[in-house]
Amino acid sequence: MEDGPLGLIRALRGALGDEGTLVMPTMTDGASVFDPTSTPTHGMGITAETFWRQPGVMRSSHPGGSFAAIGPMASFICAPQPLSPPHGPDSPPGRVHELGGQVLLLGVTHSENTTLHVGEAIAGVPYSVTHPTVVNIDGVVTTVMIAETDHCCRRFDQMDRWLRERGLQREGKVGNADARLCASRDVVEVAVEKLLIDPLLFLCGGNEGCVECDAARDSVPSHA
Ligand SMILES: [Zn+2]
């Protein structure tokens, strides 16, 4: 890509214009105290890792599930949030949903679409697993368990079919990357509609040997 990650970031900002706010996930592994000015992202890719380090970019303070943003709505999107769930309605992707933002999946699929966790929270899915996260509470470094609707997320890819059949997803190539663009509200609305019919439809089947989805399935109270 011409000019690498910075070229991509410039192109995205150019497409949004001065009125637009660009947001990217900058999640971390929670293994050490999170400092939004220095903690590297974990598994987010070089573009997001480059983005949050740029001048004028804000980064939210969640110790595991942070996002970075630049533009008129950045401070609203990056405002403090509850520890759990990391990606519910009161979180950066939840606020993008509230604001009527768009989701661009660039070189990834819906399995990486964090906005679907907003849908899970709104639908009230019955699974929730906890992950240890190091935090600093009033100067004391401690480990807290943060509950979230975590699983392998592969079945989030079902969204392709549901959005396509309703004409709610634009698809094309950006450089060499497959790109999907959809409205956050459409993503959440379709996911909630499907989850209300089958609350476990984003989890792998119990016979598929998926450790993460089995853990989520085992967390369902009535399942035991
Ligand atoms: Zn799975």
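Predicted, not measured: the structure shown is a model, and the values here were computed from it.

Conventions used here
Every chain is numbered on its own, with residues counted from 1 as its sequence reads. For this predicted model, a pLDDT threshold of at least 70 governs which residues receive local features, and a threshold of 80 or more governs which side-chain atom pairs are given and counted, while totals over whole chains, interfaces and linings are taken from all residues. The side-chain quantities take in all heavy atoms of the structure and omit both hydrogens and water. Numbering of helices and strands runs from the N terminus, with a helix taken as a DSSP run of H or I at least four residues long and a strand as a DSSP run of E at least two residues long. The globule rule is 2.2 Å times the number of residues to the power 0.38, and the radius of gyration it is compared with is taken over C-alpha atoms. For the exposure calls, accessible area comes from a 1.4 Å probe over protein chains only, and a residue counts as buried if that area is under 20% of its type's maximum, exposed if over 50%, partly exposed in between. Residue contacts are defined here by distance: any two heavy atoms, one from each residue, within 4.5 Å place the two residues in contact. A 1.4 Å probe and the Shrake-Rupley method give the accessible areas. Residues count as covered only by the protein chains that appear here. In this tally, Lys and Arg are treated as positive and Asp and Glu as negative; His is ignored, and so are the chain termini. The atoms used to mark charge sites are NZ of Lys, CZ of Arg, CG of Asp and CD of Glu. Donor selection uses N, O and S atoms within 2.8 Å of the metal (3.2 Å for Na, K and Ca). Since no water is included, sites may look incomplete. Angle rules define the geometry names used: all angles between 85 and 135 degrees makes four donors tetrahedral, while opposite donors over 155 degrees apart and all other angles between 65 and 115 make four donors square planar and six octahedral, leaving every other case irregular. For Phe, Tyr and Trp, rings pair up if their centres lie within 6.5 Å, where Trp contributes its six-membered ring, and each pair is then called stacked (planes under 30 degrees apart), edge-to-face (over 60) or tilted (otherwise). Two limits define a charge over a ring: the Lys NZ or Arg CZ must be within 6 Å of the ring centre, and within 35 degrees of the ring normal. We define a nonpolar core as any set of buried Ala, Val, Leu, Ile, Met, Phe, Trp, Tyr and Cys residues linked to one another through side-chain atoms lying within 4.5 Å. Should DSSP find at least two bridges between two strands, the strands are taken to pair.

Engineer: Looking at this structure, I do not really get the overall build of the chain. What am I missing?
Structural biologist: Scanning the chain for helices and strands turns up eight helices and eight strands. For 224 residues, the compact-globule estimate of 2.2 N^0.38 gives 17 Å, and the C-alpha radius of gyration of the chain, at 17 Å, lies within 12% of that figure. A buried classification covers 46% of the 224 residues belonging to the chain. Considering only residue pairs separated by 6 or more positions, the chain has 58% of its internal contacts joining residues 24 or more positions apart. Carbon and sulfur atoms provide 53% of the accessible area of the chain, an area that totals close to 11300 Å². Across the chain, 16 positive and 27 negative side-chain charges occur, with their mean positions spaced 5 Å apart.

Engineer: Where do I start with the coordination of the zinc ion in this structure?
Structural biologist: Octahedral six-donor coordination of a metal ideally yields angles of 90 or 180 degrees, compared with 109.5 degrees for tetrahedral four-donor coordination. At this site the zinc ion is bound by Cys152 (SG), Cys204 (SG), Cys210 (SG) and Cys213 (SG), with donor distances of 2.2 to 2.3 Å. Around the zinc ion sit four donor atoms; with metal-centred angles ranging over 105 to 116°, the donor geometry is tetrahedral. Considered as a linear motif, the donors of the zinc ion on their single chain read C-x51-C-x5-C-x2-C. You can see Cys152 sitting in the loop between β6 (140–148) and α6 (159–165) and its partner Cys204 sitting in the loop between α7 (184–197) and α8 (211–218), a full 52 residues away along the chain.

Engineer: Is there a simple way to think about the packing of aromatic side chains in this case?
Structural biologist: Aromatic rings in a pair are described by how distant their centres are and how their planes are angled relative to each other. In the structure shown here, the tally under the stated rule is two aromatic pairs. Geometrically, the ring pair formed by Phe156 and Phe202 is edge-to-face, given 4.8 Å between the ring centres and 90° between the ring planes. Note that Phe156 is positioned in the loop between β6 and α6 and Phe202 in the loop between α7 and α8, a separation of 46 residues in sequence. Looking at Phe156, the relative accessible area reads 1%, which means it is buried. For Phe202, a relative accessible area of 0% corresponds to the buried category. Between Trp162 and Phe202, the ring centres sit 6.2 Å apart and the planes meet at 45°, which makes this aromatic pair tilted. With Trp162 in helix α6 and Phe202 in the loop between α7 and α8, this pair connects stretches of sequence that are 40 residues apart. Across this residue pair, the class does not change: Trp162 and Phe202 are buried. Aromatic rings pair up to connect Phe156, Trp162 and Phe202 into one cluster. Note that Arg59 overlies the ring of Trp52, its terminal NZ or CZ placed 4.2 Å from the centroid.

Engineer: Honestly, the nonpolar core in this entry has me stumped. Any pointers?
Structural biologist: Considering soluble globular proteins, one finds that nonpolar side chains tend to be buried as a cluster. Residues Leu116, Tyr127, Met159 and Phe202 are the most contacted members of the largest nonpolar core, which totals 28 residues. Residue assignment for this core shows that the elements contributing at least two residues are β4 (102–106), α5 (115–123), α6, α7 and α8. Among the elements that line this core, the one with the most residues is α7, at six residues. Residues Leu8, Leu12, Leu22 and Trp52 belong to the second largest nonpolar core, which totals 11 residues.

Engineer: Which parts of the structure should I look at to understand the pairing of strand β7 (residues 170–174)?
Structural biologist: Both β7 and strand β8 (residues 177–183) contribute to a ladder of five bridges, which runs antiparallel. Following the sheet pairing, Val174 is matched in β8 by Ala177. From the end of β7 to the start of β8, which pair antiparallel, there are two residues, and Gly175 there has a positive phi angle of about 60°.

Engineer: What should I look at first to understand the pairing of β8 in this one?
Structural biologist: Regular strands show a simple pattern: their side chains alternate between the two faces of the sheet. Examined bridge by bridge, β4 and β8 share five bridges and lie antiparallel to one another. Looking across to β8, one finds that Leu105 is bridged to Arg180.

Engineer: Explanation requested: the environment of Pro80 in the structure shown.
Structural biologist: Within the secondary structure, Pro80 is located in the loop between α3 (74–77) and α4 (92–99). The contacts of Pro80, once residues within four sequence positions are left out, are Ser61 and Arg95.

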